[in-house]
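Summary of structural features
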Amino acid sequence: MIAFEATRAWAEAQDAADPLRDFRADFHIPQHEGRDTLYFCGNSLGLQPKGVRAAIEAELADWSGLAVEAHFRGRSPWMHYHEYVRDAMADVVGAQPHEVVAMNSLGVNLHLMLVSFYRPTAARPAILMEAGAFPTDRYALESQVRFHGFDPSTDLIELEADGTGGTLSMAAIERAIAEHGHRIALIVLPGVQYRTGQVFDLARIVRLGHARGCVVGFDLAHAVGNLPLALHDSGADFAVWCTYKYLNAGPGAVAGCFVHDRHAHADVPRFAGWWGHDKHTRFKMGPHFVPTPGADGWQISNPPILALAPLRASLDVFRRAGMPRLVEKSRRLTTYLDWLIRSRLDDTLDIVTPNDPAQRGAQLSVRVRAGRDAGRALFEYLEGRGVIGDWREPDVIRLSPTPLYNRYSDCLGAVEVIEAWRSQA
Ligand SMILES: Cc1ncc(COP(=O)(O)O)c(C=O)c1O
Ligand SMILES: Nc1c(O)cccc1C(=O)C[C@H](N)C(=O)O
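Reading the values: rules and limits
- Residues numbered from 1 in each chain as written.
- Chains lettered and ligands numbered in written order.
- Predicted model: local features only at pLDDT ≥ 70, side-chain atom pairs only at ≥ 80, totals over all residues.
- Heavy atoms only, no water.
- Domains from an automatic or database assignment.
- Contact = heavy atoms within 4.5 Å.
- Buried area = accessible area lost by both parts, 1.4 Å probe.
- Salt bridge = Lys/Arg side-chain N within 4 Å of Asp/Glu carboxyl O.
- Polar contact = N/O pair within 3.5 Å; in protein donor to acceptor, adjacent residues only side chain to side chain.
- Helix = DSSP H or I, 4+ residues; strand = E, 2+ residues; numbered from the N terminus.
- Nonpolar A, V, L, I, M, F, W, Y, C, P; charged D, E, K, R; others polar.
- Near = heavy atom within 4 Å.
- Pairing = 2+ DSSP bridges.
- Axes fitted to C-alpha atoms, helices over the stretch in contact; angles between N-to-C directions.
- Phe/Tyr/Trp six-rings, centres within 6.5 Å; stacked < 30°, edge-to-face > 60°.
- Lys NZ or Arg CZ within 6 Å of the ring centre and 35° of its normal.
- UniProt positions renumbered as here; feature names shortened; annotations may be inferred.
- Buried < 20%, exposed > 50% of the residue type's maximum accessible area, 1.4 Å probe, protein only.
- Areas by Shrake-Rupley, 256 points an atom, 1.4 Å probe, with all protein chains shown as cover.

Brief notes about the domain arrangement of the chain
Partitioning the chain into structural domains gives domain 1 (8-48 + 322-424) and domain 2 (56-319). Placing the centre of domain 1 and that of domain 2 at their C-alpha centroids yields a distance of 29 Å. Contacts between the two partners involve 33 residues from domain 1, matched on the other side by 25 residues from domain 2. For the pair domain 1 and domain 2, the summed buried surface comes to about 2200 Å²; carbon and sulfur atoms form 56% of the total. Taken together, the links from domain 1 to domain 2 amount to 0 salt bridges. Between domain 1 and domain 2 we count 13 residue pairs in polar contact (both at pLDDT 80 or more) in total. Contributing elements (two or more residues each) for the side of domain 1 that touches domain 2: helix 12 (323-344), strand 12 (364-368) and strand 15 (396-399). Per-element accounting of the side of domain 1 that touches domain 2 gives the leading share, 4 residues, to helix 12. The residue inventory of the side of domain 1 that touches domain 2, partitioned by class, reads 15 nonpolar, 12 polar and 6 charged.

Here it is, written out as structure tokens:
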């Protein structure tokens, strides 16, 4: 049990002793009335690493100075550019390098994975997902069920939340797989639920799903760069994620995709393009598609260099910090914010996110006890004072203390602003 204190002196002493404290200087912190905002929105859009500008400018310089020649003679030849982020990305998600690729955006990658890994039959047509999933996931899964000529009212099985605050128990997942497993072609669940911040046990879900013959994939938008992941060992068939949240690669940045090694040479249907073709013969320009082994084989287009450059710069920050150190600080920082809220705002806020540090990452979702209107009022009050969280309908405020740039004193500052709101509300 850590002994926390709700004093500025204590919080600032923690900041001074934080082994990751210097990483904050690697980021641009948005300003509010001449001071750093208290930025708790790294779960939606991570801050800009200072190295990003130089990374983009290097590619702009090669484009202006070398143009097409930069594919081969640039400082970082564009021909291989997507490969420059591969090892760092594989490290962050716990995968083998050939199991990951940076390409497209999350929603697009989800569809590409569904093309290959959702192969419904009359006997086994269904997809299992959570009710309340991020809209893209539901839209994508429902549209794929229809695309294959099946009926979402029977073949899209949506698991209802059964826990307080909208969480979903492992027991409910287990029951659904036991009951419907024989009809389920594919299970798609998140690594971290976007609204509640609940963490899912990937390896256990894969074991349960595979035991019933289901393919299992994950949307890791809110898990990547946030939790220690071991995607390869989890046995997941595929996973997709974006890189603009905890990975700080910028708005709409190039996303990530994982295909397990067991599918590296799989002869599965896929939507093909020249960049997924065997890289040794790609430029022979032959008419027949031969996929390059591993996740690279799902690429369609040549990569957007100017959009990949920020990802490269941001992964460099992760490589220097290391996921184990980030996770250690993250657990402590989120536990501190949780403790502050429970000890000082217990009459005002309910925390939706599980209390167990193993079941959450760097996010606390809170509800104002007085109801939705009071919640909106608090959210706007926070924004007006430079405390940046976000609002998720119907009534949740998300606050995400991210270990690369948030401080203990930020957590205390946010709680003090909420106390000020309470005393005038
Ligand atoms: C869980 C989840 N899935 C899907 C998306 C959609 O991502 P994109 O718009 O990058 O395709 C997001 C974020 O916007 C998300 O949080
Ligand atoms: N990508 C976003 C955007 O362009 C505008 C507003 C929000 C977003 C987000 O990423 C939202 C985020 N996925 C969420 O968890 O709600």
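Topic: the site of ligand 1
All residues adjacent to ligand 1 are Leu106, Gly107, Phe134, Thr136, Asp137, Asp219, Ala221, His222, Tyr244 and Lys245. Contact distances for ligand 1 include 2.8 Å between an oxygen atom and a side-chain N or O atom of His222. At the level of elements, helix 5 (106-117) and helix 6 (135-147) are the ones that each hand at least two residues to the shell around ligand 1. In terms of residue class, the shell around ligand 1 is built from 4 nonpolar, 3 polar and 3 charged.

So, the sheet that holds strand 11 (residues 349-351)
Spatially, 4 strands are ordered 11-12-15-14 in an open sheet, and the strand pairing comes out antiparallel. Each edge of the open sheet is held by one strand with a lone partner, namely strand 11 and strand 14 (390-392). For this sheet, the mean inter-axis angle between neighbouring strands, taken without regard to orientation, is 35 degrees. Judged from the 3 bridges that link them, strand 11 and strand 12 form a sheet pairing that is antiparallel. Looking across to strand 12, one finds that Ile351 is bridged to Val366. In the packing of helix 12 onto the sheet, the strands contacted are strand 11, strand 12 and strand 15, and the crossing angle to strand 12 comes to about 15 degrees. Here helix 13 (residues 372-384) sits on the sheet in contact with strand 11, strand 12, strand 14 and strand 15, set at roughly 160 degrees to strand 14.

A closer look at the packing of aromatic side chains
Counted under the stated rule, the structure contains 17 aromatic pairs. Centroid distance Trp274 to Phe283: 5.3 Å. Interplanar angle 65 degrees. Geometry classified as edge-to-face. An aromatic cluster of three or more residues is present, and its members are Phe4, Trp10, Tyr336, Trp339 and Tyr408. Positioned above the aromatic ring of Trp298 is the side chain of Arg270, whose terminal nitrogen or guanidinium carbon lies 3.9 Å from the ring centre. In this arrangement the basic side chain of Arg385 is found over the ring face of Tyr381, its NZ or CZ atom lying 3.6 Å from the centre.

A word on the UniProt feature "modified residue: N6-(pyridoxal phosphate)lysine" (unreviewed entry) in the chain
When the UniProt feature table is mapped onto this chain, "modified residue: N6-(pyridoxal phosphate)lysine" (unreviewed entry) is found at Lys245. In this structure, Lys245 sits in the loop between strand 9 (238-241) and strand 10 (256-259). Lys245 sits in the buried class, given a relative accessible area of 9%.

Considerations on unusual backbone geometry
For the peptide bond that leads from Glu393 to Pro394, omega is 5 degrees, which places it in the cis range. Structurally, Pro394 can be placed in the loop between strand 14 and strand 15. In this structure, Asn104 takes a positive phi of about 50 degrees despite not being glycine. Looking at where Asn104 falls in the secondary structure, it is placed in the loop between strand 4 (100-102) and helix 5. Taking relative accessible area as the criterion, Asn104 reaches 31% and is therefore assigned partly exposed.

Examining the site of ligand 2
Neighbouring residues of ligand 2: Ser44, Phe134, Tyr194, His222, Tyr244, Lys245, Arg392 and Arg398. Taking Lys245, its side chain carries an N or O atom lying 2.5 Å from a nitrogen atom of ligand 2. Here ligand 2 has 380 Å² of accessible area as a free molecule, and 57% of this is covered by the chains. Here the residues of the shell around ligand 2 sort into 3 nonpolar, 2 polar and 3 charged. The residue makeup of the shell around ligand 2 includes at least three contributed by each of domain 1 (8-48 + 322-424) and domain 2 (56-319).

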